[in-house]
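Structural characterization, general
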Amino acid sequence: MSNLVVRRLLIDLDTPPARHWCGGDAFRTAWFNALSMSFPSGEQFFIDAVRAGVQALPEAERVRFEPAVKGFIGQEATHRRIHALFNAHLTTQGLVNRWEARALRRIQALQGADPRIAVGATAATEHLTAILAEHLLRDTTSLQGAEPRLATLWLWHASEETGHRATAFDLYRAMGGNEEWRLRLFRLVTWHFVTDSLRQTVNNLWHDGSFWRAGTWVAGWRFLFGRHGLVRALAGPWRRYRSADFHPLQQDESRAVSWLRDNATLFEPVGRPAPAAAGAPT
Ligand SMILES: [Fe+2]
Ligand SMILES: [Fe+2]
């Protein structure tokens, strides 16, 4: 993907989603809802991190990175806005976003820290979102039976995450971020992502009344640990980040490119495209 296009998604977000909009499956619905709850504050953190990061570069480098960072910010700003609209329905359904408060406390604790920390944490999170995005685009069972407009929401987001997967990573390197901190932040971000997503999923199941149903946990176990489950699918791609020669563009993007091409009627581009990965190897 050579350009970062900001796209306005043309789906109906006014109609409330069904309580178990993901194929009638309480666990998968609760898990996707949990992720959605993390986006408005999380993606604002990424935006602030790369904006401060690019300002910390020497002028020549800054000019080189600015177009990619602008595209990255435009995409993440669109994601957080759309997910906030969706999350308002979840609040109406009685779900309670606890993840956001925890994330905001951690973000607050980073105030005044070296800007490379926030960019390194963003790069680490972007790897998690990129491998998850690739999984959603490859394995259709995750969103099987989902309301079509919401499947579109997730696959549009997944495709754009794939498109800008290298921006924060390249910026971290250009800022002189070292390997030790890159890996340390990756472990920390992974820990918070796994525990927060599970805690919020359980919280969502509690509030929607599905917590005590055995079927919820059978489906949940299959979704997480089954033959096509997340853990098996993501363990290898997760590990790749730890290699010294890792670069995000090593991940195949053909499914994201195809999805955006085949679903072009579901969104409209906004503004002019920006070059993708400023510091990417050639
Ligand atoms: Fe995003
Ligand atoms: Fe992203």
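So, here's what we can say about the structure. All values derive from a computational prediction rather than experimental measurement. (Residues numbered from 1 in each chain as written. Chains lettered and ligands numbered in written order. Predicted model: local features only at pLDDT ≥ 70, side-chain atom pairs only at ≥ 80, totals over all residues. Heavy atoms only, no water.)

What to know about the coordination of the iron ion (ligand 2)
For the iron ion (ligand 2), the full set of protein donor atoms is Glu76 (OE), Glu126 (OE), Glu126 (OE), Glu161 (OE), Glu161 (OE) and His164 (NE2), at a range of 2.0 to 2.7 Å. What the 6 donor atoms of the iron ion (ligand 2) show is an angle range of 52 to 146° at the metal, which sorts the shape as irregular. The distance between the iron ion (ligand 2) and the iron ion (ligand 1) comes to 3.9 Å, with Glu76 serving as a donor to both metals. Residue Glu126 is located in helix α4 (residues 115-138), and its partner Glu161 is located in helix α5 (residues 148-163); the two are separated by 35 residues in the primary sequence. The burial state of Glu126 is the same as that of Glu161; both residues are buried. (Donors = N, O, S within 2.8 Å, 3.2 Å for Na, K, Ca; no water. Tetrahedral: all angles 85-135°; square planar, octahedral: opposite > 155°, others 65-115°. Helix = DSSP H or I, 4+ residues; strand = E, 2+ residues; numbered from the N terminus. Buried < 20%, exposed > 50% of the residue type's maximum accessible area, 1.4 Å probe, protein only.)

Points about the coordination of the iron ion (ligand 1)
Binding of the iron ion (ligand 1) to the protein goes through Glu43 (OE), Glu76 (OE), His79 (ND1), His157 (NE2) and Glu161 (OE), at separations of 1.8 to 2.3 Å. Mapped onto the sequence, the residues coordinating the iron ion (ligand 1) show the spacing E-x32-E-x2-H-x77-H-x3-E.

Looking at the packing of aromatic side chains
In the structure shown here, the tally under the stated rule is 21 aromatic pairs. Their ring planes at 85° and their centres at 5.5 Å tell us that Phe211 and Trp217 sit as a pair that is edge-to-face. When the ring centre of Phe267 is taken as origin, the NZ or CZ atom of Arg7, which lies over that ring, is 5.5 Å away. Across from the ring centre of Trp181, 4.6 Å away, lies the NZ or CZ of Arg184, which sits over that ring. (Phe/Tyr/Trp six-rings, centres within 6.5 Å; stacked < 30°, edge-to-face > 60°. Lys NZ or Arg CZ within 6 Å of the ring centre and 35° of its normal.)

Some thoughts on helix α7 (residues 179-207)
Over its 29 residues, α7 extends 42 Å from the first C-alpha to the last, a length consistent with the 42 Å expected when each residue adds 1.5 Å. Taken together, the buried residues of α7 touch α1 (26-55), α3 (99-109), α4, α6 (167-174), α8 (214-225) and α9 (230-240). Sitting at the amino-terminal end of α7 is Asn178, which places a side-chain oxygen 3.3 Å from the backbone nitrogen of Glu180. (Expected span 1.5 Å × (residues − 1). Contact = heavy atoms within 4.5 Å. Polar contact = N/O pair within 3.5 Å; in protein donor to acceptor, adjacent residues only side chain to side chain.)

Concerning the nonpolar core
Soluble globular proteins tend to pack their nonpolar side chains together in the buried interior. Within the largest apolar cluster, 43 residues are counted, with the highest numbers of intra-cluster contacts made by Trp21, Trp31, Phe32, Leu143, Leu153 and Trp154. Of all the elements in the fold, those that place two or more residues in this core are α1, α2 (59-92), α3, α4, α5, α8, α9 and α10 (254-262). Residue contributions to this core peak at 9 residues, all from α1. Once you skip the residues sitting within four places of it in the chain, Trp154 turns out to touch Trp21, Phe32, Leu35, Ser36, Phe39, His83, Leu136 and Leu143. Counting residues in hydrophobic clusters, the runner-up holds 26 residues, among them Phe46, Ala123, Phe169 and Phe186. (Core = buried A, V, L, I, M, F, W, Y, C linked by side-chain atoms within 4.5 Å.)

Quick notes on the environment of Ala88
Locating Ala88 in the fold gives a position in helix α2. The class of Ala88 is partly exposed, set by a relative accessible area of 42%. Put simply, Ala88 and Asp12 are 76 residues apart on the chain and 14 Å apart in space, counted from C-alpha to C-alpha.

Observations concerning the packing of α4 against α6
Geometry of a packed helix pair, given as the angle between the helix axes and the separation of the axes. Remark: α4 packs on α6, axes separated minimally by 8 Å, with the N-to-C direction vectors making an angle of 145°. The interaxial crossing formed by α4 with α6 has left-handed handedness. The residues of α6 that touch α4, namely those facing Arg116, Val119, Gly120, Thr122, Ala123 and Glu126, are Ala168, Phe169, Leu171 and Tyr172. Split into classes, the residues belonging to the contact of α4 with α6 amount to 6 nonpolar, 2 polar and 2 charged. (Axes fitted to C-alpha atoms, helices over the stretch in contact; angles between N-to-C directions. Left-handed = near helix turned anticlockwise from the far one by under 90°. Nonpolar A, V, L, I, M, F, W, Y, C, P; charged D, E, K, R; others polar.)

Honestly, it's all geometry; don't read function into it.
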